[in-house]
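Descriptive structure summary
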Amino acid sequence: MGHDWYLVRCKCGHSFGHRKGTKAKCTICGSNEVTNVQQFSDSRSLANAVSDANLPKELAKELSSRLESKSAIEENRQQGPVSIRERVRGTLRSATDDQGVLRISAIRRELDSAGLDAESWESIIGGAELEGILVRCSNDSWRWV
Ligand SMILES: [Zn+2]
């Protein structure tokens, strides 16, 4: 049995299986600009590889956005502590609802869309409490002082 099966990746990022001798065409975008990633001797291993290649896409996306957040934070650090602070404040302001209340979910969402690490909300809120700009009003919400 030869290595007749290929795992290929399209330029759009979609991975799919392809049999030697046939024309590889992306099942998502229809492009045939594909790169061979790996060869397999049977269709079953190929099928596993294909689902492996496509399933963790969300995870990979999350990971890469996390990395981007980290580099964004790093960039800000290089610009000086004021700009990140201003950025965080801006984020907290956009996370404030009509009642002037900030909730964890909104804070995380805004941090995320600002390219900041959403997981750092706790230290951000903690810092804001220490600075006396926010005061906790329930388990998961804060108000501006
Ligand atoms: Zn494609």
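Preceding block: the structure.
I will try to describe carefully the structure that is included in this document. As the structure is a computational prediction, the values presented were derived from the model and not from experiment. (Residues numbered from 1 in each chain as written. Predicted model: local features only at pLDDT ≥ 70, side-chain atom pairs only at ≥ 80, totals over all residues.)

**Quick look at the pairing of strand 1 (residues 5-10)**
The test is simple: Exposure classification rests on a simple neighbour count of other C-beta atoms within 10 Å of a residue's own: a residue reaching 20 or more is buried, one at 12 or fewer is exposed, and one in between is partly exposed. C-beta atoms are placed from the backbone. Strands are runs of DSSP state E lasting at least two residues, helices are runs of H or I lasting at least four, and both sets are numbered from the N terminus onward. Only strands joined by at least two bridges in the DSSP assignment are considered to pair.
Burial analysis of strand 1 places 5 of its 6 residues in the buried class, which makes it a mostly covered element. One ladder, built from 5 bridges, connects strand 1 with strand 2 (residues 15-19); its direction is antiparallel. Looking across to strand 2, one finds that tyrosine 6 is bridged to histidine 18. What sits between the antiparallel neighbours strand 1 and strand 2 is a turn of 4 residues, in which glycine 13 has the positive phi angle 100°. As judged from the 6 bridges shared by strand 1 and strand 3 (residues 34-40), these two strands associate in the antiparallel manner. Counted as the bridge partner of arginine 9 is threonine 35 from strand 3.

**A few points about the nonpolar core**
Rules: The nonpolar core is taken to be a set of buried Ala, Val, Leu, Ile, Met, Phe, Trp, Tyr and Cys residues joined by way of C-beta atoms within 7 Å. The contact rule is simple: place each C-beta atom from the backbone, and if two of them lie within 7 Å, those residues are in contact.
Residues Val88, Leu92, Ala95, Leu102, Ile107, Leu111, Leu116, Trp121, Ile124, Ala128, Leu134 and Trp142 constitute the largest nonpolar core, which totals 12 residues. Looking at this core, the elements with two or more residues in it are helix 3 (81-94), helix 4 (104-113) and helix 5 (121-131). Residue contributions to this core peak at 3 residues, all from helix 5. Ignoring sequence-local partners within four residues, the contact set of leucine 92 consists of Leu102, Ile107 and Ala128. Among the nonpolar cores identified, the runner-up in size contains 10 residues, and Leu7, Cys10, Val50 and Ala53 belong to it.

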